[in-house]
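# Chain and residue survey
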Amino acid sequence: MSHVVLEDVTKRYAGHVALAGVSVSVEQGEMLALLGPSGCGKTTLLRCVAGLTAFDSGRLTIGGVDMTGVPVRRRPIGMVFQSYALFPNLTVRGNIGFPLTVRRETKTGVAERVEEMLELVGLSEQGDRLPNQLSGGQQQRVALARALAPRPEVLLLDEPLSALDAQVRHRLRDEVRRIQHQVGITTVFVTHDQAEALAISDRVAVMNAGDIEQCAAPSEIYTAPSTRFAAGFVGNRNTLELRTSGGRVTAGGAFDVEAPWERVLCMFRPEDVSLRREGPGARALVDVTVFLGATTRVYVQAEVNGSPATVFADLPSRAAASLSPGDAVRLSVDPGHVQVFPA
Amino acid sequence: MSHVVLEDVTKRYAGHVALAGVSVSVEQGEMLALLGPSGCGKTTLLRCVAGLTAFDSGRLTIGGVDMTGVPVRRRPIGMVFQSYALFPNLTVRGNIGFPLTVRRETKTGVAERVEEMLELVGLSEQGDRLPNQLSGGQQQRVALARALAPRPEVLLLDEPLSALDAQVRHRLRDEVRRIQHQVGITTVFVTHDQAEALAISDRVAVMNAGDIEQCAAPSEIYTAPSTRFAAGFVGNRNTLELRTSGGRVTAGGAFDVEAPWERVLCMFRPEDVSLRREGPGARALVDVTVFLGATTRVYVQAEVNGSPATVFADLPSRAAASLSPGDAVRLSVDPGHVQVFPA
Amino acid sequence: GGSATASGDYDWAAAPDESKIAAQGADLPTYGLAPDWANYGEVVKTFCAKHGGACKHADTDMSSAEEIQRIDAEKSNPVGTASDIGLMWGPVAEAKGVVPAYVPPSASRLKDWQKAKDGGWVATFVGVPSFVVNTDKVTNPPKSWADLLKPEYKGMIATKNPTSSGTGQAMVVAAAVANGGSVDDLSPAYDYFKKLKDAGNLSDVKMSEETLEKGEAPIQINYDFNGLAQKNALKAKNVNVEVIIPSDGSVWSPSGLIVNRYNTAKGDFLKGFLDYVLSDEAQTLFAKFGARPIRSLNGDLQLPADAKANWLPDAAYSAVKEIEITKVNPERIVADWEAKVLA
Amino acid sequence: MRRRIFLGLLGLYFGLPLLAALLYSVATRWTDTPLPDGYTLDHWIGVFGKPDVTSALLRSLLLSAVVVVVDVLLVVPAAYWSVVHNPRIGSVVQTIAVIPFAVPWVVVGAGLQLVTASFAPGLFGTFWLLAAATAAIAFPFMYWAVEGSLIAAGAVRLSEAAATCGANPVQTLTRVIFPAIRGGVVSGALLVVATAMNEFALAKILVGAKFETLPIWSARQFVSRTLGDPNALAVVTIFTFGFLFALSALVVRLGRGRVSTIGRTLR
Amino acid sequence: MNWAPALPLLAFTFVMLVLPATRLVNDTFALRGGGYGLDNILRVIDNPVDRQAVAGSLGLGVVQATLASLLGAPAAWLITRMRLGGRAFWLSLMNVASNFAGIGLAFGFVALIGSTGMLTLILGGLFGIEDPFPSTGSFTGMNIVYLYFNVPMFVLLTLPALSVLKDDWQEAAAVCHATRWQFWRHVGVPVLAPFVIAGWLLVFTWTIGVYAVAYAVAASPGSQKLITLQIGATLESSVFGLERAAVLSVLLMLLAAGTTVLYRLSLKRAQRWL
Ligand SMILES: Nc1ncnc2c1ncn2[C@@H]1O[C@H](COP(=O)(O)OP(=O)(O)OP(=O)(O)O)[C@@H](O)[C@H]1O
Ligand SMILES: Nc1ncnc2c1ncn2[C@@H]1O[C@H](COP(=O)(O)OP(=O)(O)OP(=O)(O)O)[C@@H](O)[C@H]1O
Ligand SMILES: [Mg+2]
Ligand SMILES: [Mg+2]
C-alpha cells in the first residue's frame, strides 16, 4: 500500500481554485518531486499534507490512517520550509533538539539524537552557533536535521534550495538526496526548477493550474512528456507550429513524423538536433553561438515549409567550435525524439 | 584605445582589502563578465567604476577621460542594481523616463525615447504599471531600459539576474545579451554564476580575493584555466591529488600526463571522462547515477594508484542508460583535457 | 441627609464614642486638607494627641467640587474622611447628600449661615482675598483693585481660575463687593475682570509660590493667610513679599470643614473632629498660621497676642466686609465667568 | 555640516529645559539672576531622605511593574493570535487602541469613576483599579511593539514550523514566539513603564493620597494651594528623566539599535 | 474564527476603555432632568469659551503636527543614518521625551524661558532683549513646550517607515544623473509623504488629547483655552453633572475616529507601491 495517498483533494481560495482535485500517491521510501510553475498549487498541496492548510474536499491518508481532523503536531511528518523558519533564539543544537524536547524525551536521549543528526548533516562543529551565524546552506541543513530528528514517517520539503545560489544549490541537492537515501524516508520535494526535480527524485509529478499533469520517473518525464505543458516545462525544447499533409508533417527535411491533426506543434530538444555541413536535412544558416561550457548552444535560422524559423541546437563545445555565424548547415532531428501535439 | 580602463585600483575597508590592485580594460562595445565567489570584490569594482565607491589608489579612465573627481551623475554610465532599485512611486514609463527628465529633456523627446525603450525590452503593454505590479523578470527589464534610456557609453550590471528563478534567468540572460548586441554598448556584467558568465560575455574576468586571476574569452577560461582557482571555479571538475614519478603522473591507467612537481592536483571535466565496458583505463565501479536531462551524471568508485577515489562523469543520458549501480567499467580521460597544478 | 441604606446602621446623630477616636484616626486620608494648609497638620496632630492617638494624615489635593464628587463616587468603599471647602460649597455638599446629619455642640457658637442646616459642615476660619506681591520685582505695589488696572502691571497679575478653584471664586466675590456689588449681584466683578483682562494685565502664568519667588507672576491674588505664609517662607530665601489688603474693599471669605457621611467606620473620629475645629485650641492654631478663626471674626474668641503675631495690623482690614457667602452659587460663578469674562 | 547644526540646535532644545531643572535642583537661591547664587546637594539628599518621596518612588515602581506584567500577559497572546491565526482581532484591538490615544486620560479616569460607581463600587479607590486603568491606557504601546516584532520575526512561519515539530500552542508561544519577540516586548515594556511612571490624572482620580505615586507627589509640589517645594520637584523631575533615559539607553543598546524602542509604528 | 487567546485583552479593554467611553456618549445625550436630547451639545455650542477651546485645540493640533513633521522628519532621517552610539543616544532621548508630557516638563520650561527663566535672563543680560519668549500659557508659548514631546513622538512614529526608503534608490538616482535634490523631489518625498501625513495625523490627535502639560502651563484665567482644559475644569468644578465634559470628550473621540480613518487611507496609499 502506498505511504501517502491523496484522493481528489480540492482547495479553493475565495473563488480561486488552488487544487482542482489532485490524486497522487507516494510509495514508502520514495522521493517524489512536485514540479510546476509559480502559483500552480505546489505549496498548497504540501501544506494540505502537513495539515497547515485545510482542504475543502477529498481524502488524505498517511500510512493508511485518515488524517482528517488530525492536528499538525500529531501528524507523522517533518517539514522544511523555503525560508527554513529556524528558531532565531535557539542554537543549532536547540533547533534540532526542539521537536524532541517538546515531546518530553529525556535529556540524554535528546542530546544523543542531536549529535547523530549533526553528524548526518555535517555540522558537528557548528552545533552551538545561532542560526544567524550560519550561511544559507548551513541553515538549510539545520532545517533538514530538525525535520528528521523526531524520525517522522514522511518528510516534506518546500523549495528548500531556492533561496541559495547556484553553486551551493547543486551541492546541497546531492546532499539532500544522499541523506534521504541513507534515512530511507518517504519524501515529497517541492520545486519549480526542473533540473532539480529531475536530479533529485524517484518520480516527478508535473503540476499545472492546481492539477497533476504527469507523474512518472524523471527520464520518462524528460523523454516522453505526456502533455504539451509537461513537454514545454521540463527541459528546453524547440517548438515549431506546422501544418500537416496526409497525416504526416515534414519539417523541410529536418524530420518526418506522423501527425493525426491538421495543425501541430512539434517539440524537440536542442541536444537532439544535429547540424552537419553536408547531407540530408533542412537548410539553415548559423546565427549566434552561445558558449555554455561543455556544450555550446547554436541558434540557426532555418526555412521550414516555406516560412523562417529559429531553432537552437546544443552541441558539444568541441563540435560547435567549427561553426561560425553565417555558415550554411543542414539541420535534422531524429524523428523518434520529436513530440507532436495538436496546435 | 580601450573604452574603460582600470589601472592598479585598490580599495580597503577598515583594514580589509576589497580590491588589491586591479588592472583591467574593456573594449568598445564589448561585454565583460566579472566572475567570482561572494565577497571577492566584484560589486566593489563595479561601484568604483560608477563612482558610488571611491577607491584608494589607482586610476580609472572612461573613453580616455580620467574619472577622478567626476561625480556619479556626470559619468557616462548606466547601471542596473542587483535589487533593480526601481522607484516604487513611478510607473514603468516614469522609471524609464527618469534619467531623461532630470536632464530637462523635452516632454516629447522623453516620451519618444521611453516608447523606444519599452519596445526594446518588450514591455510596451506594461508601461503604466507600478514596479510592484511586475514580475521579477519584468522589473529587471525595466531596470535595464532605465539604464539604457539616456544612451550611456558604458553599462554596468551588478548580478542583475541573481534574484530570478532558473527559467526566467536563462531567458533573460539571452535577452540581455541580445539587447547589448543590438545597442552595441560597452558592458560590465557582474555575476557569481559561471554558466551565466560564459554564456553572456565576450570575455570573462575571473576574480578572487580582490584581484583578477584570468581574463580571457569564455572558451579559453573553460578549457584552459590559467590558475587552480579558475579551474576549480569555472565549471564542474574532478580533482585528484596524486603523486608523480619520473615527472609524470599516471592515474591507474585513466590518463598519463607530464607533471613537473612531486605532488599534483589533476583536474578534469566530467564531460571529458569516458566510461567503457572494456578496453584501456582505470578499473571502476558505478556508484550512483543522477539524471540531469540531456546528460546523466555517473558517479564511479575507481582505484587510482592504490587508493580509492570518487570520479563523476557526465554522459549523454542515452549512453548512460545502459549503466547501473555496481557495473564494472573502465575509466579514461584524454590527457589533453587534464589540467595539472602543484598540490 | 442620612438614609439608612447608604450609611448603614451607624447613628450619626448620637454623640461620638470618645474611646474610639484614637484608633479610628490612626490612618487618616483627607481630601483638600493638606497639612500645610491653614495649619491643619497641627490641628489634626493636636486632636489625635488629645485622644491618646497618633494620626497618619495623608492628603490628596482637590478642589471643593472634586471633594464632594469623590466622596459620592466612593460611597460604597469610602476612603476620604474630612475635607476643607470654600464655604459656598457647604450647601452644595448638603444637597448632594455626602455629609452626615450631625451638628457638633460647638456649632452653637456660629451664626446660622456659617453652619449646615441639618449638619455635616461648619465654617472654620476666614481669609481675605488680597494682593501678594513680590516687592523685589514690583517696587510700587498696587494698593487697590483699581490700581491693578494700571498699565504698569501689564502681564504681572496671576490669579486662580474661578472655574475650578475656591480661592478664585472668593476673589470674584471680593472684587464684586469692592466694585459696588454684593453676594446677590456679582456682575461688577465680571465687568472688572473683563477690563483687567482686556488691559492685558492678567498673566497667563500659573499662580504658585514658585512663580512668585522668581517673579514670573509678581502679583498674585490669594488669601491673606497664604500670602503671609509665603512671605515667611520666601524671607528665608531672601525674597521680599508684601501682602496687601485692597483699600477699596474685600470680603471675609470663610473656609469650612465637611466630613464624609459614608465613612461610618471613622464616624466617631469625624464627629469629634467636626466639634474640635471650633474649640479654642484649634481656632488658636488657625490663627497662628495667619488665618482668622471664624469665632474670632464673630467676636466670640479672645486670642493671645502671640497667636496674632503673624497677622497684618487690624487697620489694614478696615475696608473688608462681612458677607453671607453661602448665598453664592459656585456653579453659577463658573458659568458667568466663562460667559462674561473669558468670552 | 548642516546636519550637525540641525542636530545641535535640536539637542540644545531638548537639553536646556533639563539643564534649567538640573540647576534648580542644586541651587541655593535662584531668583532673577541668569545662574543660581550658589550650589548645594542638600535638595538631592533631602528629597531622597524624605520618607514620602522614597515611598512614592517605590509605589511608582511597583505600579509600573504590575502594569507591565498585566500588559504582557494580556497583549502577547492576543497579538500572537491576531498575527498568526485571526487578523480580525487586530482590527478590533487597533480600534480600541484609539481611545487612550485620543481621549485624555483624565476623561478615561472620570468615565471609570462613573462606571465603577454603577458596576463595581467596591473597586473604586483600590490599587488594583489604578493598576488596571494604567494598564488599559498603556496597552496600545505594548500592542504596537509586540505586533510589530511578531511580524518582523515571521511569527506565522515560526508557528507553523513549531507545529510540524510537534509543539502544542502553549509550547509554541513560550519556547519559540516569546523568545523571538523579546526585543519587542522589552521595548513595549519600556514605553509602558514610562507611561506608568509619568501618569498622573488616573492616579489622582482613582486613588489619590491612598497610593501617592511620584507624579502625584510632584503635582502636590506644583499645584498645592500653599507651599510647594520647587527644588524638590526639580530633583524628582531630573531623577525620573534620568532613570527612564538610562533604562531606555540600556534597552536600545542591548538591541544593538535594531530593536529600536519604538512602540508605535506606522504599519 | 478563533478569538479565545484575545478574549482576556478584549474583555479587559472593553471594561476599562470602551465602557467608560460608552458612558460618556450616554452622558452626552442624557439630560439632567431625565430623558435624552441634544441640549447638552447645544449648550456647549452656545458657550463662547467652549468654542474658543475647540478652536484653540484644533489650532494647536495643526501647528504642532506641522512643526513636528517639519522638524521630526529630517531628525528621524538623520537618526536612521547614525552609528549605534549616536542612534542609541537619540532614540533614548526621543523615547523619554515623547513621554515627558507632564508637570516636570512645564517646570523645566518655566525655569528656562519664564519671565525670570535662565535663558530669558541670559538673553536679557547679554543682548538686552526684553521679553524674548512668550509666556508658556499663551498659544505661542504652549507651542514651544508641546514640541518637546511632539517632535520625539513624530520621530518615533515615522522611524520604522523611513526604512522603506532604500539606500540603493539614492544610488540609482545618482547613476540616472539626478542631483540629490531631484531624488528627493521625484522619489524620496513622494514615497515618504503618506507616512509623514499619517504621522501628522497622529500627532494632531495626540496633541489635542494631551492634558497634563496643559494643566501645568495653562490653568490661569488668562491662558490659552483648550478642550482638555475645559474638560478638566468641568471635572473640578461641577458636582451635579459632567455633561459638558462628556460632550467635549465625545468630540475628541470623533476627531480621533476621523483622523484614524484618514490615517488608514493614507497608509493604504503607501501600500500601493510597497
Ligand atoms: N492564503 C491564500 N489566500 C488566497 N490565495 C492563496 C493563498 N495561498 C495560496 N493562494 C493561491 O493559490 C494558488 C496556489 O498557491 P501555492 O502557494 O500553492 O503556489 P505554488 O505552486 O507553491 O507557487 P510558488 O512556486 O510561487 O511557491 C496561487 O494562485 C495563490 O495565489
Ligand atoms: N561598505 C563596506 N564596508 C566594509 N566592508 C565592505 C563594504 N562593502 C564591501 N565590503 C567588503 O569588501 C569585500 C568585497 O565586497 P563586494 O561587495 O565587492 O563583494 P562581491 O564580490 O560583490 O560579493 P557578492 O557576490 O556577495 O555580492 C567583502 O569582503 C565585503 O565584506
Ligand atoms: Mg510555493
Ligand atoms: Mg556583490
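This one's a predicted model, so the numbers in the text were calculated from it and none came from an experiment.

Quick look at the overall build of chain A now. A tally of helices and strands in chain A yields 9 helices and 20 strands. Every one of the 343 residues in chain A was classed for burial, and the buried ones make up 55%. In chain A, of all internal contacts separated by at least 6 residues, the share reaching a separation of at least 24 is 67%. Summed over all atoms, the accessible surface of chain A reaches about 14200 Å², with 49% contributed by carbon and sulfur. Averaging the locations of the 35 positively and 37 negatively charged side chains of chain A gives two centres separated by 4 Å.

Below, the discussion takes up the pattern of salt bridges. All names here are of chain A. Across all of its chains, the model carries 51 salt bridges over all chains by this definition. Linking D66 and R59 is a salt bridge whose minimum nitrogen-to-oxygen distance equals 3.1 Å. The exposure class assigned to D66 is partly exposed, which follows from its relative accessible area of 29%. Under the relative-accessibility criterion, R59 is labelled partly exposed at 37%.

Next up on the list: the interface of chain A and chain D. Listed as interface residues are 20 residues of chain A and, on the opposing side, 17 residues of chain D. Where chain A abuts chain D, roughly 1700 Å² becomes buried across the two surfaces, and 64% of that area is made up of carbon and sulfur atoms. Put simply, chain A and chain D have 1 salt bridge between them. Across the salt bridge formed by A:R47 and D:E160, the nearest N and O atoms sit 2.7 Å from each other. Listed by contribution, the elements that provide at least two residues to the side of chain A that touches chain D are β6 (77-80) and α2 (92-101) of chain A. Ranked by residues supplied to the side of chain A that touches chain D, first place goes to α2(A) with 3 residues.

As a further point, take the pairing of β6(A). All names here are of chain A. Here β6 shows a buried face lined by I77 and M79 and a second buried face lined by G78 and V80. Pairing of β6 with strand β7 (residues 154-158), which is carried by 4 bridges, proceeds in the parallel orientation. Counted as the bridge partner of G78 is L155 from β7.

Residue and element names in this part refer to chain B. Across the sheet, which stays open at both edges, the 5 strands sit in the order β15-β19-β16-β17-β18 with antiparallel pairing between neighbours. Here the strands that pair on one side only, and so sit at the sheet edges, are β15 (273-276) and β18 (307-316). On average, each strand axis in the sheet is tilted by 40° relative to the strand beside it, whichever way the strands run. Here 10 bridges tie strand β17 (residues 295-304) to β18, and the two strands are oriented antiparallel to one another. Along β18, the bridge assignment pairs Q301 with T310.

In this section: the site of ligand 2. All names here are of chain B. By nearness alone, every residue bordering ligand 2 is listed as Y13, H16, A18, P37, S38, G39, C40, G41, K42, T43, T44 and E159. In the environment of ligand 2, an oxygen atom lies 2.4 Å from a nitrogen or oxygen atom belonging to the side chain of S38. In the complex, 60% of the free accessible area of ligand 2, which totals 630 Å², lies under the protein chains. Element by element, the count of residues in the shell around ligand 2 is highest for helix α1 (residues 42-50), at 3 residues. Tallied by class, the residues present in the shell around ligand 2 amount to 4 nonpolar, 6 polar and 2 charged.

The next subject is the arrangement of the chains. Here the protein chains form 6 pairs of chains in contact, of which the pair with the most contacts is chains D and E. Kept free of each other, chain A and chain C leave a smallest C-alpha distance of 48 Å between them. Chain E makes no contact with chain A, the minimum C-alpha separation between the two being 14 Å.

To continue, consider unusual backbone geometry. Trans peptide bonds make up most of the peptide bonds, and negative phi angles are found at most residues other than glycine. Even without being a glycine, A:D8 presents a positive backbone phi close to 50°. Following the sequence through the fold, A:D8 ends up in strand β1 (residues 4-13).

Quick look at the confidence of the model for chain D now. All names here are of chain D. For chain D, mean pLDDT is 84; residues scoring 70 or higher make up 91% of the total. The least confident element of chain D, judged by mean pLDDT, is helix α11 (residues 214-223) at 78; the most confident is helix α3 (residues 51-84) at 93. Across residues 259-267 the pLDDT falls below 50, and counting only partners more than four positions away or on other chains, this stretch makes 50 contacts in the model. Overall fold confidence (pTM) sits at 0.82, and the ipTM for the predicted complex is 0.80.

Residues and elements named next belong to chain A. Close to ligand 1 lie Y13, H16, A18, P37, S38, G39, C40, G41, K42, T43, T44 and E159, which account for all nearby residues. One of the backbone N or O atoms of G39 is found 2.7 Å from an oxygen atom in ligand 1. In isolation ligand 1 has 630 Å² of accessible area, and contact with the protein removes 60% of it. Among the elements of the structure, β2 (16-26) and α1 (42-50) are those that each provide at least two residues to the shell around ligand 1.

On to helix α6 (residues 127-153) of chain D. Residues and elements named next belong to chain D. For α6, with 27 residues, the first-to-last C-alpha span of 36 Å sits near the 39 Å given by 1.5 Å per residue. When the local axis directions of α6 are compared, the greatest deviation, roughly 45°, occurs at A138, which is followed within four positions by the proline P140. Most of α6 is tucked away, with 22 of its 27 residues classed as buried. A positive backbone phi angle near 70° is found at G154, which sits one or two residues after α6.

Okay, the interface of chain E and chain D next. Counting residues at the interface gives 92 residues for chain E and 89 residues for chain D. Between chain E and chain D, the buried area comes to about 8100 Å², and carbon and sulfur atoms account for 79% of it. At the boundary of chain E and chain D, one finds 0 salt bridges. Run the count over chain E and chain D and you get 8 residue pairs in polar contact (both at pLDDT 80 or more). Among the elements that make up the side of chain E that touches chain D, the one with the highest residue count is helix α1 (residues 7-29) of chain E (15 residues). Here the residues of the side of chain E that touches chain D are counted per class, giving 69 nonpolar, 18 polar and 5 charged.

Time to look at the UniProt feature "transmembrane region" (unreviewed entry) in chain D. Residue and element names in this part refer to chain D. Those residues carrying the UniProt feature "transmembrane region" (unreviewed entry) are residues 61-83, 95-115, 127-146, 185-207 and 232-252 in this numbering. Helix makes up 90% of residues 95-115 and strand makes up 0%, while its end C-alpha atoms are separated by 21 Å. Spanning residues 185-207, this segment combines 87% helix with 0% strand, and its end C-alpha atoms are found 28 Å apart.

Right, let's talk about the sheet that holds strand β3 (residues 31-35) of chain A for a bit. Residue and element names in this part refer to chain A. Spatially, the 6 strands line up as an open sheet ordered β6-β7-β8-β3-β9-β10, and their pairing is mixed. Of all the strands in the sheet, the pair left with one neighbour each is β6 and β10 (211-216). Here the average twist between neighbouring strands, direction ignored, is 20°. Of the strand pairs in this sheet, β3 and strand β9 (residues 203-208) are connected by 4 bridges, and their pairing is parallel. In the sheet register, A33 faces β9, and the bridge partner there is V204. Where α1 meets the sheet, it contacts β3, β6, β7, β8 (186-191) and β9, and its direction lies at approximately 150° from that of β7.

Applying the stated criterion across every chain yields a total of 51 aromatic pairs over all chains. Ring centres 6.2 Å apart and planes at 50° place the aromatic pair E:F100 and E:Y148 in the tilted group. Highlighted residues: E:F100 in the loop between α4 (84-98) and α5 (103-113) and E:Y148 in helix α7 (residues 139-162), separated in sequence by 48 residues. Of the residues examined, E:F100 reaches a relative accessible area of 8% and is grouped as buried. An aromatic cluster of at least three residues, connected via ring pairs, comprises C:W37, C:Y40, C:F125, C:Y223, C:F225, C:F286 and C:F289. A cation over a ring is seen here: B:R146 above B:F87, with NZ or CZ 4.7 Å from the ring centre.

Rules used in this analysis
- Residues numbered from 1 in each chain as written.
- Chains lettered and ligands numbered in written order.
- Predicted model: local features only at pLDDT ≥ 70, side-chain atom pairs only at ≥ 80, totals over all residues.
- Heavy atoms only, no water.
- Helix = DSSP H or I, 4+ residues; strand = E, 2+ residues; numbered from the N terminus.
- Buried < 20%, exposed > 50% of the residue type's maximum accessible area, 1.4 Å probe, protein only.
- Contact = heavy atoms within 4.5 Å.
- Areas by Shrake-Rupley, 256 points an atom, 1.4 Å probe, with all protein chains shown as cover.
- Lys, Arg positive; Asp, Glu negative; His and termini not counted.
- Charge placed at Lys NZ, Arg CZ, Asp CG, Glu CD.
- Salt bridge = Lys/Arg side-chain N within 4 Å of Asp/Glu carboxyl O.
- Buried area = accessible area lost by both parts, 1.4 Å probe.
- Pairing = 2+ DSSP bridges.
- Axes fitted to C-alpha atoms, helices over the stretch in contact; angles between N-to-C directions.
- Near = heavy atom within 4 Å.
- Polar contact = N/O pair within 3.5 Å; in protein donor to acceptor, adjacent residues only side chain to side chain.
- Nonpolar A, V, L, I, M, F, W, Y, C, P; charged D, E, K, R; others polar.
- pLDDT = per-residue confidence, 0-100.
- Expected span 1.5 Å × (residues − 1).
- Bend = angle between axes of the 7 residues up to and from the residue.
- UniProt positions renumbered as here; feature names shortened; annotations may be inferred.
- Phe/Tyr/Trp six-rings, centres within 6.5 Å; stacked < 30°, edge-to-face > 60°.
- Lys NZ or Arg CZ within 6 Å of the ring centre and 35° of its normal.

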